[in-house]
Amino acid sequence: MSGPVRQDDIPRLVADLHSVLLASGTAEVVCDVGGVTTADLVTVEAVARLRLAARRAGVGLLLRGPTPALWALLRLVGLAELCVEVEGDPEEREPPLGVEEAVESGDATR
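Cut-offs applied
- Residues numbered from 1 in each chain as written.
- Predicted model: local features only at pLDDT ≥ 70, side-chain atom pairs only at ≥ 80, totals over all residues.
- Heavy atoms only, no water.
- Helix = DSSP H or I, 4+ residues; strand = E, 2+ residues; numbered from the N terminus.
- Buried < 20%, exposed > 50% of the residue type's maximum accessible area, 1.4 Å probe, protein only.
- Contact = heavy atoms within 4.5 Å.
- Areas by Shrake-Rupley, 256 points an atom, 1.4 Å probe, with all protein chains shown as cover.
- Pairing = 2+ DSSP bridges.
- Axes fitted to C-alpha atoms, helices over the stretch in contact; angles between N-to-C directions.
- Parallel < 35°, antiparallel > 145°, perpendicular 65-115°, else oblique.
- Left-handed = near helix turned anticlockwise from the far one by under 90°.
- Nonpolar A, V, L, I, M, F, W, Y, C, P; charged D, E, K, R; others polar.
- Polar contact = N/O pair within 3.5 Å; in protein donor to acceptor, adjacent residues only side chain to side chain.
- Salt bridge = Lys/Arg side-chain N within 4 Å of Asp/Glu carboxyl O.
- pLDDT = per-residue confidence, 0-100.

Digging into the overall build of the protein
- Scanning the protein from terminus to terminus reveals three helices and five strands.
- Going through the 110 residues of the protein one by one, you find that 31% of them count as buried.
- Taking the contacts inside the protein whose residues are at least 6 apart along the sequence as the reference set, 70% of them involve residues at least 24 apart.
- Summing over all exposed atoms, the protein offers an accessible surface of approximately 7200 Å²; the carbon and sulfur share of this is 53%.

Put into structure tokens, the structure is as follows:
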């Protein structure tokens, strides 16, 4: 996916996903969202529909290159738990829910 995602792009994206699934027989699909220029609810809807189509086909959906803003929106609506980010920089995103970074009193400083 690239550029701003428009509402009328979503059916084509889902159709493209179905074509990939039919041709590949893979267990996971990687969706490159690094070129998406907007983080809005239309983009979130596109990811949600792709996730649903992948799930119905029995495969996982992996996201490559989501911007911090898009990842934050996906977390906000609960899709981050359903999609896995691959090949991203772990320092640019928040830790998974339920994981907190803490320093123990006996830890040495670096």
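Topic: the pairing of strand β2 (residues 28-32)
- Burial along β2 is one-sided: V29 and C31 are buried, and none of E28, V30 and D32, which face the opposite way, are.
- Pairing between β2 and strand β4 (residues 60-64): five bridges, direction parallel. Paired with C31 across the two strands is L63, which belongs to β4.

Thoughts on the packing of helix α1 (residues 10-24) against helix α2 (residues 41-56)
- Close contact between α1 and α2 brings their axes to 10 Å; oriented N to C, the two are set at 30°. Judged on the interaxial angle alone, α2 and α1 are roughly parallel. Handedness of the crossing formed by α1 with α2: right-handed. Counted together, I10, L13, V14, L17 and H18 of α1 and V42, E45, A46, R49, L50, A53 and A54 of α2 form the full contact between these two elements.
- Split by residue class, the contact of α1 with α2 holds nine nonpolar, one polar and two charged.

A few points about the side chain of T43
- On the secondary structure map, T43 appears in helix α2.
- A polar atom in the side chain of T43 sits 3.3 Å from the backbone oxygen of T38.

Let's talk about the pattern of salt bridges
- For the structure on display, the rule yields four salt bridges.
- In this structure, R6 engages D8 in a salt bridge whose closest nitrogen and oxygen atoms are separated by 3.5 Å.
- As a salt-bridge pair, R6 and D9 come within 3.4 Å of each other at their nearest N and O atoms.
- On the basis of relative accessible area, R6 is assigned to the partly exposed category, the value being 47%.
- Residue classification places D9 among the buried residues on the basis of a relative accessible area of 11%.

Some words on the confidence of the model for the protein
- Chain-level statistics for the protein give a pLDDT mean of 80 and a share of 76% at 70 or above.
- Every residue in residues 88-103 is under pLDDT 50, and counting partners more than four places away or in other chains gives six contacts.

Things to note about the environment of L79
- When you line up the elements, L79 lands in the loop between α3 (68-76) and β5 (84-86).
- For L79, a relative accessible area of 10% puts it in the buried group.
- With 31 residues separating them in the primary sequence, L79 and A48 have C-alpha atoms 7.1 Å apart.
- Once residues within four sequence positions are removed from consideration, L79 is found in contact with V44, A48 and L74.

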